[in-house]
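Notes for the structure review
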Amino acid sequence: MVTPFTQEGALDLDTAQALAAHLVDQGADGLVVTGTTGETSTLTDEENVQMFRAVVEAVGDRAQVIAGTGTNDTAHSVHLSRQAQQAGVDGLLLVTPYYNKPSQEGIRRHFETIASSTDLPVMLYDIPGRSVMPIHPQTLIALAEHPNIQGLKDAKADFDSTTQVLAQTDLAVYSGDDGLTLPLMSLGAVGVVSVSAHVAPGLYRELVDAALAGDLATAREKHFALDPIQRAVMGHIQGAVSAKTVLHWQGILPTSTVRLPLTAATTEEENLIKADLAEAGITF
């Protein structure tokens, strides 16, 4: 979920609560708050916690609220994770520590230390495109032995690795690449943690439900219907920028403000996004 800001760049908690309710009303059964798309790297700890509390208050009785508390500092991640538990979230999303380029041993110990610091279930986030270091399948298999590590957001696009993890663990695997939701679910993944679902949450609900029910024909139909939407949101500019831009066009967000180092979409980029959305029958 994106983190709404005012025109001046301040945290907009009222809009965050309204957005959370909208997404759940349209079919989301869980929301990741202050993850990458939530611009967590530009939020203070206090702002992170404010977001956790606001979204729990808004939809905590209707959906799972997952707090993005992973950083490249293990001790800081522990601190933020404990604050998230106190705020009432249902689980944690922990990204691979970025920039430091730790060994697999360091990655394993980082995740285990954070997972042991609270009672919350943990979803690991494997995204080497952002973190540089992948989580190797044997590391994931070892981490799955930890009682609190229960899920994986898989944004690695490595089907061999995912196959090994699904075959040898009980981790609940979620696609971390919007366009790979159906292929990963065909291997046994259970859903998607999506950016493009801001624009079409209902279609993703239908795709996931069809795939879980084994209705391949319907799932394939929804997969194709979502393709131009995914290209619009993920194919031109950073996902938080494009998602906020479209949500603003839809009248769901009062502004599309992002914080530096992200910048607003240019007119050219907006036109590319609109062209893809028009292919899906969405016009502005």
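Residues numbered from 1 in each chain as written. Predicted model: local features only at pLDDT ≥ 70, side-chain atom pairs only at ≥ 80, totals over all residues. Heavy atoms only, no water.

Observations regarding empty space enclosed by the protein
By rolling a water-sized probe across the atoms, one finds the places where empty space is left. In total, this model carries 1 cavity of 30 Å³ or more according to the counting rule given. The space that makes up the largest cavity amounts to roughly 40 Å³. Classifying every residue of the lining of the largest cavity gives 4 nonpolar, 1 polar and 4 charged. (1 Å grid on protein atoms, 1.4 Å probe; cavity = no way out; pocket = protein on both sides within 12 Å on 5 of 7 lines; lining within 4 Å. Points joined across faces, edges and corners; volume = space filled by probe spheres on them. Nonpolar A, V, L, I, M, F, W, Y, C, P; charged D, E, K, R; others polar.)

Observations concerning helix H10 (residues 216–234)
Residue Asp227 marks the point of greatest curvature in H10, where the axis turns by about 35°; the proline Pro228 follows within four residues. Regarding H10, the residues found buried are Ala219, Lys222, His223, Leu226, Pro228, Ile229, Gln230, Ala232 and Val233. Those residues of H10 that are buried are in contact with helix H8 (181–187), helix H9 (201–212), helix H11 (239–249) and helix H12 (267–279). (Bend = angle between axes of the 7 residues up to and from the residue. Helix = DSSP H or I, 4+ residues; strand = E, 2+ residues; numbered from the N terminus. Buried < 20%, exposed > 50% of the residue type's maximum accessible area, 1.4 Å probe, protein only. Contact = heavy atoms within 4.5 Å.)

Let's talk about the UniProt feature "site: Part of a proton relay during catalysis" (unreviewed entry) in the chain
Per the UniProt record, "site: Part of a proton relay during catalysis" (unreviewed entry) is found at Thr36 and Tyr99. The subset of these annotated residues that lines the largest pocket comprises Thr36. The residue Thr36 is located in the loop between strand S1 (30–33) and helix H2 (45–59) in this model. Residue classification places Thr36 among the partly exposed positions, given a relative accessible area of 29%. Once you skip the residues sitting within four places of it in the chain, Thr36 turns out to touch Tyr125 and Arg130. Looking at where Tyr99 falls in the secondary structure, it is placed in the loop between strand S3 (91–95) and helix H4 (104–115). If we skip the residues at most four places from it in the chain, Tyr99 touches Asn72 and Ser131. (UniProt positions renumbered as here; feature names shortened; annotations may be inferred.)

With respect to the nonpolar core
Here is a general trend for soluble globular proteins: nonpolar side chains tend to be buried in one another's company. Counting residues in each nonpolar core, the largest one holds 72 residues, and the members touching the most others are Met1, Leu31, Phe52, Val55, Val89, Leu92 and Leu124. Here Val89 is in contact with Phe52, Val56, Val65, Ala67, Ala84 and Leu120, once residues within four sequence places are set aside. If you look at the next biggest cluster of nonpolar residues, it comprises 9 residues, including Ile66, Val95, Ile127 and Ala155. (Core = buried A, V, L, I, M, F, W, Y, C linked by side-chain atoms within 4.5 Å.)

Some words on the packing of aromatic side chains
Counted by the stated rule, this structure contains 1 aromatic pair. With 5.3 Å between their ring centres and 50° between their planes, Trp249 and Phe284 make a pair best called tilted. With Trp249 in helix H11 and Phe284 in the segment after H12, the pair connects residues that are 35 residues apart, well separated along the chain. We note Lys274 situated over the ring of Trp249; from NZ or CZ to the ring centre the distance is 4.8 Å. (Phe/Tyr/Trp six-rings, centres within 6.5 Å; stacked < 30°, edge-to-face > 60°. Lys NZ or Arg CZ within 6 Å of the ring centre and 35° of its normal.)

Points about the pattern of salt bridges
Applying the stated criterion to the full structure yields 13 salt bridges. Arg205 serves as the salt-bridge partner of Asp209, at 3.0 Å between the closest nitrogen and oxygen. Of this pair, Asp209 and Arg205 both sit in helix H9, 4 residues apart, which is roughly one turn of that helix. Exposure remark for Asp209: the relative accessible area of 38% places this residue in the partly exposed category. Linking Lys222 and Glu221 is a salt bridge whose minimum nitrogen-to-oxygen distance equals 3.9 Å. For Glu221, a relative accessible area of 49% gives the class partly exposed. (Salt bridge = Lys/Arg side-chain N within 4 Å of Asp/Glu carboxyl O.)

Structural notes on the pairing of strand S5 (residues 149–154)
Where burial is concerned, most of S5 is hidden: 5 out of the 6 residues are buried. Relative to S5, strand S4 (residues 122–126) runs parallel, the two being bridged by 5 bridges. Note on S5: the bridge partner recorded for Leu124 is Leu152. Handedness of the β-α-β unit built from S5, helix H7 (residues 159–168) and strand S6 (residues 172–175) comes out right-handed. (Pairing = 2+ DSSP bridges. Right-handed = clockwise from strand over helix to strand, strands pointing away.)

Some thoughts on the pairing of S6
With burial as the criterion, only one face of S6 is covered, namely that bearing Val173 and Ser175; the residues Ala172 and Tyr174 on the opposite face remain uncovered. Relative to S6, S5 runs parallel, the two being bridged by 4 bridges. Residue pairing for S6: Leu152 is matched across the bridge by Val173. Sheet topology note: the S6/strand S7 (residues 191–192) ladder contains 2 bridges and is parallel.

Some words on the sheet that holds S1
In space, the 7 strands of this open sheet follow the order S1-S2-S3-S4-S5-S6-S7, with parallel pairing throughout. Here the strands that pair on one side only, and so sit at the sheet edges, are S1 and S7. Here H4 sits on the sheet and contacts S3, S4 and S5; the angle it forms with S3, its principal contact strand, is near 160°. (Axes fitted to C-alpha atoms, helices over the stretch in contact; angles between N-to-C directions.)

Notes on the UniProt feature "active site" (unreviewed entry) in the chain
Mapped onto this numbering, the UniProt entry annotates "active site" (unreviewed entry) at Tyr125 and Lys153. A maximum C-alpha distance of 4.7 Å among these annotated residues, which run over 29 residues, shows that they cluster at one spot. Lining residues of the largest pocket drawn from the annotated list: Tyr125 and Lys153. Here Tyr125 shows up in strand S4.

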